[in-house]
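# Commentary on secondary and tertiary structure
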Amino acid sequence: QVQLVESGGGLVQAGGSLRLSCAASGVIFSLNSMGWYRQAPGKQLELVAVITKGDSTNYASAVKGRFTISRDNAKMMVYLQMNSLKPEDTAVYYCTAEGTTMVRAVVTFWGRGTQVTVSS
């Protein structure tokens with residue numbers, strides 16, 4: 001199956017930028033949509049951005065215009081470029097991927113998360 005490993009998180013000042021990367025490894029028939037979720041302290045998990053196999057994207061209203069999701073299918077990676085970061089962006093960010101198995105079952109994979117902290 002697929003393992004997802006996030007990287008690129010860290011501490012940044014408000015207004016700064018970070019780029020999160022997610023590397024997918026393992027065997028899967030195909031990767032479909034990939035995305036990023038986040039969970040801030042005391043808040044529920046929320047979808048940040050998603051990108052389909054055909055590169056169609058969707059963003060949470062809170063990040064639209066500031067974040068950009070992209071993917072490299074050959075490398076099986078997905079990225080989240082985060083610009084103009086705000087303190088409210090502080091959260092653990094999780095990479096997700098939807099894959100289709102050889103028997104055409106759809107399976108969702110989750111990374112373990114990477115911490116993003118934006119200071120005032």
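Keep in mind it's a predicted model, so treat the numbers as computed, not measured.

In this section: the state of the cysteines. A covalent bond between the sulfur atoms of two cysteines is referred to as a disulfide. Counted by the stated rule, this structure contains one disulfide. Between the sulfur of cysteine 22 and that of cysteine 95 lies a disulfide, 2.0 Å long from S to S. Because the torsion about its S-S bond is -85°, the bridge between cysteine 22 and cysteine 95 counts as left-handed. On the criterion of sequence distance, the pair formed by cysteine 22 in strand β3 (residues 18–26) and cysteine 95 in strand β9 (residues 91–100) is long-range, its members being 73 residues apart.

For the rest of this paragraph, the subject is the side chain of serine 30. Here serine 30 is to be found in strand β4 (residues 30–39). The buried category is assigned to serine 30, whose relative accessible area is 14%. When near neighbours in sequence (up to four residues on either side) are disregarded, serine 30 contacts Lys53, Glu98, Gly99 and Thr100.

Right, let's get into the sheet that holds strand β1 (residues 2–7). The antiparallel open sheet is built from four strands, whose spatial order is β1-β3-β8-β7. In this open sheet, the two strands that pair with only one neighbour each are β1 and β7 (67–72). Sheet twist, expressed as the average angle between the axes of neighbouring strands with direction ignored, equals 15°. As defined by bridge partners, β7 adjoins strand β8 (residues 77–82) across six bridges and the pair is classed as antiparallel. Among the inter-strand pairings, serine 70 is bridged to a residue of β8, identified as tyrosine 79.

What follows is about the packing of aromatic side chains. The geometry of an aromatic ring pair is captured by the separation of the ring centres together with the interplanar angle, meaning the angle of the planes. For the structure on display, the rule yields two aromatic pairs. Ring geometry for tyrosine 37 versus tryptophan 110: centroids 5.0 Å apart, planes at 40°, classification tilted. Highlighted residues: tyrosine 37 in strand β4 and tryptophan 110 in strand β10 (residues 106–110), separated in sequence by 73 residues. By relative accessible area, tryptophan 110 is classed as partly exposed at 42%. Ring geometry for tyrosine 94 against tryptophan 110: centres 6.3 Å apart, planes inclined by 65°, an arrangement best described as edge-to-face. Here the residue tyrosine 94 occupies a position in strand β9, and tryptophan 110 occupies one in strand β10, the gap between them amounting to 16 residues. A connected cluster of aromatic rings, assembled from ring pairs, spans Tyr37, Tyr94 and Trp110.

What counts, and at which threshold
What you see as residue numbers is a count from 1 along each chain, following the sequence as written. Totals for whole chains, interfaces and linings use all residues, but because this is a predicted model, local features are given only for residues with pLDDT of at least 70 and pairs of side-chain atoms are given and counted only at 80 or more. As a convention, hydrogens and water are excluded, and side-chain values are obtained from all of the structure's heavy atoms. For the purposes of this analysis, a disulfide is any pair of cysteine sulfur atoms at a distance within 2.5 Å. By definition, any uninterrupted DSSP run of H or I lasting at least four residues is a helix, any uninterrupted run of E lasting at least two residues is a strand, and each is numbered from the N terminus. Summary of the burial criterion: residues with accessible area below 20% of their type's maximum are buried, those above 50% are exposed, and those between are partly exposed, where the area comes from a 1.4 Å probe applied to protein chains only. The contact definition used throughout considers only heavy atoms, calling two residues in contact when any of these lie within 4.5 Å. Whether two strands pair comes down to DSSP finding at least two bridges between them. Every angle, taken between N-to-C directions, lies between 0 and 180 degrees, and every axis is a line fitted to C-alpha atoms, over only the stretch in contact when it is a helix. The rule is short: rings of Phe, Tyr and Trp, with Trp giving its six-membered ring, pair when the centres are within 6.5 Å, and they are stacked under 30 degrees, edge-to-face over 60, tilted in between.

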